[in-house]
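Survey of secondary and tertiary structure
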Amino acid sequence: FTLLERGRNYTSLAQFCCNLIYIPILLDLYFGFFLNSFSNFSGVPWGPVVAILAFPLNVWLLEVVQGYFIIWLYGHNVAWNYLDYDDSYFHGAARLGHAPCWVGLGAICWLLYPALQAWTEP
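In what follows, the accompanying structure is described.

Thresholds, definitions, all that
Residues numbered from 1 in each chain as written. Predicted model: local features only at pLDDT ≥ 70, side-chain atom pairs only at ≥ 80, totals over all residues. Heavy atoms only, no water. Axes fitted to C-alpha atoms, helices over the stretch in contact; angles between N-to-C directions. Helix = DSSP H or I, 4+ residues; strand = E, 2+ residues; numbered from the N terminus. Parallel < 35°, antiparallel > 145°, perpendicular 65-115°, else oblique. Contact = heavy atoms within 4.5 Å. Nonpolar A, V, L, I, M, F, W, Y, C, P; charged D, E, K, R; others polar. Phe/Tyr/Trp six-rings, centres within 6.5 Å; stacked < 30°, edge-to-face > 60°. Buried < 20%, exposed > 50% of the residue type's maximum accessible area, 1.4 Å probe, protein only.

1. Points about the packing of helix 4 (residues 55-74) against helix 5 (residues 99-120)
Two elements in contact, helix 4 and helix 5, have axes separated by 8 Å at closest approach and are oriented at 105°. Of the possible angle classes, the one that applies to helix 4 and helix 5 is roughly perpendicular. Contact residues: F55, P56, V59, W60 and E63 in helix 4; A99, W102, V103, L105, G106 and C109 in helix 5. Across the contact of helix 4 with helix 5, the residue classes break down as 9 nonpolar, 1 polar and 1 charged.

Now the structure itself:
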């Protein structure tokens, strides 16, 4: 992502480890909530639409939780920092301008989620 935005790749062991821990929340709990809550309202399956459009909230929650955990652990966020943007919040952990990318990621995750479930469940 940073290659497209800033011209160089960047990640850290802290970010990788946090993402591994947070992925079940990012995908399983999130999609499960929307499938159960909006499964067939007024005869229309709204779950996928609402889940994809609200996916930026899910990612921002991930960024805030992980960002503050990394700050607590290291004293600063060694994984990412959006403080050089005007639309960054929570000590540079989340950026509003990434919302279109997070909606796209939500659509990709929604499409791949059934295959991921089948691949990871016994």
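2. So, the packing of aromatic side chains
Considering all chains together, one arrives at 7 aromatic pairs under this definition. Geometrically, the ring pair formed by F31 and Y113 is tilted, given 5.2 Å between the ring centres and 55° between the ring planes. In this pair, F31 sits in helix 2 (residues 13-37) while Y113 sits in helix 5, placing the two residues 82 residues apart along the sequence. The two residues F31 and Y113 agree in class, both being buried. What links up through ring pairs into an aromatic cluster is the set Y30, F31, F55, W110 and Y113.

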